[in-house]
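Residue strings, one per chain:
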Amino acid sequence: MSGRVRVLLADDHGAIRAGLRLMLEQSGDVEVVGEAGDGEVAVRQARALRPDVVLMDVRMPGTDGITATEAIVRDGLAEVVALTTFDLDEYVVGMVRAGAAGFLLKSVGAVELVDAVRRVAAGEGVLAPEVTRRLLDAVAGRAPLGHAADAPDADAEEDPRLAALTARERDVLAGLGEGLSNAQLAERLVVSPTTVKSHVSHVLAKLGVSSRLQAGVLARDLLG
């Protein structure tokens, strides 16, 4: 992605927003275009400012991060990265289902934060390494994502969502289920990152999900 990355900060603690702003703006290519102390303001700001990325606190007074993320993702206003202390509760599960592009711990360092924002703005999801598989394991097996009904029994015919994928797209889906990045998928499949990005887009469209995190959850449900 070329040019500056425009970021909106949504957290009910002003000190946290100030810290995030400082880390981001020291990078030289990330601009904080707005701040919000609750989800309702975050949605309004996203509509008005059209940032590339929203850093969204999961728990906020009034309209919480889940509801705000659903609105932002549904209207295609920005990519959303959830900020959490990460205790794998229903709030975190809700953020996945709302379409968050990734998760970062609030204790994230400046280098990791800036890298995550750049990657999400370029169309790649992010997960803090400490929580990748824990998150996917926690969410998989709950109510299915996407447009289809319950996942099939072992003896049932192949799920139509899988049947729509090519062999290479299944490989990509399996990698998403492991929490692999585009670069890691490219290395595994011996293709370019650009080709991986194209495959990921096709997988998301065919599965009827809005984020690679949701696709990763489906991979756990459908591929085991």
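Up top you'll find the structure we're talking about.
Residues numbered from 1 in each chain as written. Predicted model: local features only at pLDDT ≥ 70, side-chain atom pairs only at ≥ 80, totals over all residues. Heavy atoms only, no water.

A.B. asks: What's the story with the pattern of salt bridges in this structure? I'm lost.
C.D. replies: A side chain with one charge can pair with a side chain of the opposite charge if their charged atoms come near. For the coordinates displayed, the defined rule picks out 14 salt bridges. Across the salt bridge formed by Arg21 and Glu35, the nearest N and O atoms sit 2.9 Å from each other. With Arg21 in helix α1 (residues 14–25) and Glu35 in strand β2 (residues 30–36), this residue pair connects regions lying 14 residues apart in the sequence. On the accessibility criterion, Arg21 (26% relative accessible area) is partly exposed. (Salt bridge = Lys/Arg side-chain N within 4 Å of Asp/Glu carboxyl O. Helix = DSSP H or I, 4+ residues; strand = E, 2+ residues; numbered from the N terminus. Buried < 20%, exposed > 50% of the residue type's maximum accessible area, 1.4 Å probe, protein only.)

A.B. asks: Mind showing me how you'd approach the pairing of β2 here?
C.D. replies: Across a regular strand the side chains alternate sides, sitting on one face of the sheet and then on the other. In terms of burial, β2 is largely enclosed, as five of its seven residues are buried. Inspection of the sheet shows strand β1 (residues 5–10) paired to β2 by six bridges, in the parallel sense. Looking at the pairing, Val7 lines up with Val32 of β2. Where the polypeptide runs from β1 across α1 and back to β2, its parallel neighbour, the crossover connection is right-handed. (Pairing = 2+ DSSP bridges. Right-handed = clockwise from strand over helix to strand, strands pointing away.)

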